[in-house]
Amino acid sequence: MRYSYLFIILFLIGCSSGTTPVDNAVEAKVLHYGNGTEPQGLDPHIVTGVPEHHLLLALCEGLTSSNPRGGESLPGSAASWDISDDGKVYTFYLQENGKWSNGDDVTAEDYVWSWQRILTPSLGSQYPDMLYYVQNAEEFHNGTIDDFSNVGVKALNSKTLEVTLKEPTPFFLGLLSHYSTWPVHKPTVLKHGTMDDRNGQWTRPGNFVCNGPFNLKTWELNKKIVVDKNPLYWDADIVELNEIHFYPISNEMTEERMFRAGQLHVTSTFPSNKCEPNIQEINPNIKIHPYMGTYFYRFNTANKALDDVRVRKALAYSIDRQKIVESVTRCGQIPAYSFTPPGSNGFYPDTKIPYDVDLARNLLKEAGYDSGEKFPVLEILFNTSEGHRKVALAIQQMWQQNLGINVELVNQDWKVYLSREMIGDFQVSRAGWIGDYEDPNTFLDTMRPNRGNNKTRWDNYEFDGLLAKANATLDQEERYKILMEAERLLIDEMPIAPIYTYVRVYQLHEDVKGWYPNILSHHHPKYIRIERD
Amino acid sequence: MLGIFLRRILLAIPVLIAVASITFFLVRLAPGGPFDADKAVSEQVLKNLNEAYNLNAPLSEQYFDYMSGILVGDFGPSFRFPGRSVTELIMTGLPVTFELAIYSMLIALFIGILSGVTAALKRNTFLDYIPMSIAMIGICVPTFLLGPLLVLIFGINLELLPVSGWGQLPGDKILPSLTLGFAYAAYIARLSRGGMLEILNQDFIRTARAKGLSEKMVVIKHAMQGGLIPVVSFLGPAVAGLLAGSFVVETIFQIPGLGRFYVEAAFNRDYTMILGTTIFFSFMIVFFNLLSDIVALWLNPRSRDT
């Protein structure tokens with residue numbers, strides 16, 4: 001017996017190697033990256049999530065690439081471009097030494113074929129609308145036209161691509177840094193399936209060919225994905241990392257422990273219950289950066305009680321946003337007084353949502369509810385999560401105290417919540433929106449009539465007209481004026497009540513260099529270095 | 001005995017068919033579908049997706065398609081992971097979950113039997129009270145508490161063992177196996193103590209002692225064979241439970257096992273994956289129950305002779 005204990009102790013000591021993966025990474029130039037959940041896949045035309053985006057940033061590249069410091073897009077697969085005077089025709093000149101990871105040249109035809117692929121209805125891509133700004137793209141996707149040569153994308157020669165848009169669409173370049181517009185290698189896709197095959201095997205290690213700074217090396221499901229440096233990448237000289245190890249860690253507590261044990265350089269999130277007001281001073285590894293996302297409540301305007309704008313305003317004006325961020329979320333979130341987060345590519349909305357209980361009560365009275373008791377019981381729908389429950393509890397209390405109305409909380413499993421929102425089976429529901437690209441349009445566009453993400457049944461054609469007008473306006477200053485008008489209209493009609501602007505809270509090891517905070521939280525791995533001071 | 005064996009196998013077939021059929025219709029009744037996402041997809045896209053996975057066909061047709069697929073071992077493609085079949089996903093997670101289950105079970109048996117038998121032999125002494133109190137705590141403390149606690153002590157404070165992973169860093173299999181094994185060790189300790197106490201009072205033990213056999217021989221050769229039958233009966237469902245219930249430990253320790261696929265499939269409404277894993281786990285439960293019944297029958301001299 002005595003010996004078995006001794007054996008266990010010796011074994012445990014033997015296991016302790018002394019150095020952690022993070023220590024070993026300094027020499028090996030390897031980045032250990034906490035990447036949220038297991039990615040759905042690596043086909044840029046099929047996948048839809050943030051973890052997938054991180055991987056695709058390393059593996060593939062679009063015409064433009066996201067700026068590591070945020071703001072204007074940088075050249076990517078295209079070295080430069082011209083824009084016609086009317087803002088509708090873009091001519092892209094591809095990198096002369098742009099290669100696929102198997103050595104083939106990246107050509108303009110590759111882009112034409114790839115865009116045809118994502119717009120092919122039978123592929124069932126969930127992001128074809130990113131290209132709807134291209135002439136006839138929507139028509140091709142809906143089946144109104146069958147001939148792809150009518151769509152506004154043409155290869156003028158092997159390295160020149162011409163794109164014709166419906167409207168000037170000033171944010172088009174930013175949109176091109178989204179992976180749904182990126183190219184795929186035609187011979188590889190066709191070797192392992194058909195053009196519209198969702199289950200093609202081309203994204204497996206060994207088969208995978210793409211044009212980014214890294215190659216897919218191994219992929220162990222639910223364990224890790226390893227990518228290594230692609231020597232054929234056109235800008236390979238500036239890539240300093242040899243490998244990136246992406247770990248799919250869905251549990252934030254596990255991720256936090258892995259970081260503390262030196263197994264990760266960067267985490268995807270940070271447990272909110274560990275957030276304190278001065279957390280950054282206590283632990284300098286914790287980063288809190290503004291993020292292009294808004295946490296808000298949707299009002300179902302088709303609901304009898306909520307179809308009156310005065311009621312919606314009364315509800316929105318009786319939420320103390322400052323208190324919510326200080327006492328409930330407590331992780332550096334910013335109270336939101338507009339739908340579009342301030343600072344989205346230089347757009348700062350001037351809308352205001354006062355916290356004014358008297359005004360709110362008067363509005364409710366005007367709407368015919370002398371006292372809150374007459375108001376029907378209001379339900380707040382949210383998906384099961386401790387964070388959402390806390391915010392909902394705070395708002396329930398504010399509405400009950402300030403307006404005297406009865407509020408019930410309904411939490412549902414994620415898919416049930418989505419389905420109830422989609423069919424309009426809710427009164428008030430919790431929501432969040434993260435920008436796909438750096439422009440106010442990515443927010444405001446969702447509130448146009450007939451947009452799947454509107455969900456509030458608020459169909460305002462004046463708002464729709466303003467956005468259409470903004471998209472057709474080339475002058476940025478003029479365009480922002482129109483968008484500001486749209487934002488004001490939205491906040492005046494209040495189909496949604498913004499609550500706070502998101503922040504990205506995560507942990508970053510001090511060895512990681514070339515990592516800059518930016519509002520989309522896109523950190524292009526080609527600029528990242530591992531150096532110990 | 002062969003008759004019992006065949007009868008049990010024949011009974012398992014309708015059980016599995018019933019499980020598959022009920023699960024098939026239950027998952028379809030659950031609100032929300034596999035393609036509902038935060039970024040709403042247009043009707044056109046949803047139609048294309050449903051067509052791509054044959055979800056537009058009448059439910060009865062889908063049911064018969066699916067059932068005939070299972071007969072030839074085809075569990076269909078996963079909806080959540082395009083390009084991967086359910087069989088492939090199960091086969092990826094299974095070896096890991098199986099390995100974890102084996103280590104945990106070995107730990108559980110070693111600690112459980114050792115402390116259970118000692119407690120029975122030293123009844124009403126400290127060697128009985130202490131292991132049994134620890135066993136009671138083991139039954140009560142959930143793995144989601146024990147796991148992080150062990151990580152905190154051995155991984156973060158003492159820096160002896162990695163806090164997560166499976167086969168990536170030396171020693172990363174120890175903490176998850178201990179966490180999962182400890183709860184089962186507690187059950188086994190109590191079962192073996194009970195079984196041993198019952199046997200130790202029997203006449204044949206007294207005979208063995210009267211023959212002049214050493215206490216060691218009496219315990220190992222005579223008492224344990226009968227005294228551990230309750231443990232053997234418990235092992236079948238326990239192994240099945242270890243396979244199907246390792247989700248929590250897999251999540252805490254970031255282990256790429258089957259349990260995570262199983263639970264995440266349910267959240268994602270990955271219909272084929274839910275069905276595939278449910279059928280697979282049902283099969284495992286039926287199989288291990290059968291196995292432990294056979295071993296218990298064989299160990300029990302009264303039923304072995306008939």
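Residues numbered from 1 in each chain as written. Chains lettered and ligands numbered in written order. Predicted model: local features only at pLDDT ≥ 70, side-chain atom pairs only at ≥ 80, totals over all residues.

Section: the overall build of chain B
Piece 1. For chain B, the helix and strand inventory stands at 14 helices and zero strands.
Piece 2. Each helix (α) and strand (β) of chain B, taken in turn from the N terminus, gives the series α-α-α-α-α-α-α-α-α-α-α-α-α-α.
Piece 3. Along the longest, intermediate and shortest principal axes, the C-alpha atoms of chain B span 85 × 55 × 30 Å.
Piece 4. In chain B, which comprises 306 residues, the proportion classed as buried is 42%.
Piece 5. The long-range share in chain B, meaning contacts at least 24 apart out of those at least 6 apart in sequence, stands at 74%. (Helix = DSSP H or I, 4+ residues; strand = E, 2+ residues; numbered from the N terminus. Buried ≥ 20, exposed ≤ 12 C-beta atoms within 10 Å, placed from the backbone. Contact = placed C-beta atoms within 7 Å.)

A word on the sheet that holds strand 15 (residues 428-434) of chain A
All names here are of chain A.
Piece 1. Strand order across the open sheet formed by six strands is 12-16-11-15-13-14, with mixed pairing between neighbours. Two strands in the sheet have a free side with no partner beyond their single neighbour: strand 12 (334-335) and strand 14 (407-412).
Piece 2. Judged from the seven bridges that link them, strand 11 (residues 286-299) and strand 15 form a sheet pairing that is antiparallel. Paired with Tyr297 across the two strands is Arg430, which belongs to strand 15.
Piece 3. Packing of helix 14 (residues 414-423) onto the sheet brings it into contact with strand 13 (378-383), strand 14 and strand 15, and relative to strand 13 it is tilted by some 130°. (Pairing = 2+ DSSP bridges. Axes fitted to C-alpha atoms, helices over the stretch in contact; angles between N-to-C directions.)

Considerations on the nonpolar core
Piece 1. Residues A:Leu59, A:Ala497, A:Ile499 and B:Ile188 are the most contacted members of the largest nonpolar core, which totals 216 residues.
Piece 2. Tallying contributions element by element places helix 7 (residues 174-200) of chain B first for this core, with 14 residues.
Piece 3. When residues no more than four places from it in sequence are discounted, the contact partners of B:Ile188 are B:Ala108, B:Leu109, B:Gly112, B:Ile113, B:Gly116, B:Val231 and B:Phe234. (Core = buried A, V, L, I, M, F, W, Y, C linked by C-beta atoms within 7 Å.)

Points about helix 11 (residues 321-329) of chain A
Residue and element names in this part refer to chain A.
Piece 1. Residues of helix 11 that are buried include every one of Arg321, Ile324, Val325 and Thr329, and no others. All buried residues of helix 11 lie within an arc of 90° about the axis, which places them on one face of the element. Exposed residues on helix 11 whose side chains face more than 90 degrees from its buried face are Gln322 and Ser327.
Piece 2. Those residues of helix 11 hidden inside the fold are in contact with strand 12, helix 13 (386-403) and strand 16 (496-507).
Piece 3. Count one or two residues on from helix 11 and you reach Arg330, which has phi positive near 50°. (Arc of directions from axis to C-beta.)

Regarding the interface of chain B and chain A
Piece 1. Tallying the contact residues gives 39 residues for chain B and 42 residues for chain A.
Piece 2. Those elements that place two or more of their residues in the side of chain B that touches chain A are helix 2 (43-52), helix 4 (86-121), helix 6 (143-157), helix 11 (247-252) and helix 12 (258-268) of chain B.
Piece 3. Ranked by residues supplied to the side of chain B that touches chain A, first place goes to helix 2 of chain B with five residues.
Piece 4. Looking at the side of chain B that touches chain A residue by residue, the classes come out as 22 nonpolar, 11 polar and six charged. (Nonpolar A, V, L, I, M, F, W, Y, C, P; charged D, E, K, R; others polar.)

Here we look at helix 10 (residues 229-244) of chain B
All names here are of chain B.
Piece 1. Along its 16 residues, helix 10 runs 24 Å from first to last C-alpha, staying within 8% of the 22 Å computed at 1.5 Å per residue.
Piece 2. Largest kink in helix 10: about 35°, centred on Leu235, with the proline Pro237 one to four residues after it.
Piece 3. Taken across its 16 residues, helix 10 has 13 buried, putting it largely inside the fold. (Expected span 1.5 Å × (residues − 1). Bend = angle between axes of the 7 residues up to and from the residue.)

Side note on the sheet that holds strand 9 (residues 224-229) of chain A
Residue and element names in this part refer to chain A.
Piece 1. With respect to topology, four strands assemble into an open sheet ordered 1-10-9-8, the strand pairing being mixed. The two strands at the open ends of the sheet, each matched to only one other strand, are strand 1 (30-34) and strand 8 (214-220). Pairs of neighbouring strands in the sheet enclose a mean axial angle of 20°, with direction left out of account.
Piece 2. Pairing geometry for strand 9 and strand 10 (residues 243-247), over four bridges, is antiparallel.

Points about the packing of helix 12 of chain B against helix 13 (residues 271-299) of chain B
The packing of two helices is summarised by the inter-axis angle and the distance between the axes.
Residues and elements named next belong to chain B.
Piece 1. Between helix 12 and helix 13, whose axes approach to 8 Å, the crossing angle comes to 135°. In terms of orientation, helix 12 lies oblique with respect to helix 13. In the crossing of helix 12 with helix 13, the sense of the turn from one axis to the other is left-handed. Between helix 12 and helix 13, the residues in contact are Leu258, Phe261, Tyr262, Ala265 and Ala266 and Met273, Ile274 and Thr277, respectively.
Piece 2. Partitioning the contact of helix 12 with helix 13 into residue classes produces seven nonpolar, one polar and no charged. (Parallel < 35°, antiparallel > 145°, perpendicular 65-115°, else oblique. Left-handed = near helix turned anticlockwise from the far one by under 90°.)

Things to note about the pairing of strand 10 of chain A
Residue and element names in this part refer to chain A.
Piece 1. Most of strand 10 sits inside the fold, with four of its five residues counted as buried.
Piece 2. Relative to strand 10, strand 1 is paired through five bridges, and the arrangement is parallel. Residue Val30 lies in a different strand from strand 10, and its bridge partner there is Glu243.

As for the packing of helix 4 of chain B against helix 7 of chain B
Residues and elements named next belong to chain B.
Piece 1. Closest axis-to-axis distance for the helix 4/helix 7 pair is 6 Å, and the angle between their directions is 35°. Handedness of the crossing formed by helix 4 with helix 7: right-handed.
Piece 2. Tallied by class, residues from the contact of helix 4 with helix 7 come to 22 nonpolar, seven polar and two charged.

Section: the environment of B:Ile252
Piece 1. Along the chain, B:Ile252 falls in helix 11.
Piece 2. Under the C-beta neighbour-count criterion, B:Ile252 is labelled buried, with 26 such atoms within 10 Å.
Piece 3. In this structure the C-alpha to C-alpha distance between B:Ile252 and B:Pro148, which are 104 residues apart in sequence, comes to 7.2 Å.
Piece 4. For B:Ile252, the contacting residues outside a window of four places in its chain are A:Asn251, A:Thr254, B:Phe144, B:Gly147 and B:Pro148.

A look at the confidence of the model for chain B
Residues and elements named next belong to chain B.
Piece 1. Summary statistics for chain B give a mean pLDDT of 88 and a share of 98% for residues scoring 70 or more.
Piece 2. Mean pLDDT across the elements of chain B bottoms out in helix 14 (residues 301-305) (61) and peaks in helix 4 (93).
Piece 3. Interface scoring of the predicted complex returns ipTM 0.86; its pTM is 0.90. (pLDDT = per-residue confidence, 0-100.)

Focus on unusual backbone geometry
Residues and elements named next belong to chain A.
Piece 1. Positive phi, normally seen in glycine, also occurs at Asn136, with a value near 65°.
Piece 2. By secondary structure assignment, the location of Asn136 is in the loop between helix 4 (108-119) and helix 5 (137-142).
Piece 3. Accessibility expressed as a C-beta count within 10 Å gives 20 for Asn136, which makes it buried.
Piece 4. You will see that Arg457, though not glycine, has its phi angle at about 65°, which is positive.
Piece 5. In this structure, Arg457 sits in the loop between helix 15 (441-444) and helix 16 (461-471).

Some points on the environment of B:Pro77
Piece 1. Take B:Pro77: it is sitting in the loop between helix 3 (59-71) and helix 4.
Piece 2. Between the C-alpha atoms of B:Pro77 and B:Asp270, which are 193 residues apart in sequence, the distance is 9.6 Å.
Piece 3. Beyond its immediate sequence surroundings of up to four residues, B:Pro77 is in contact with A:Asn199, B:Ser85 and B:Thr272.

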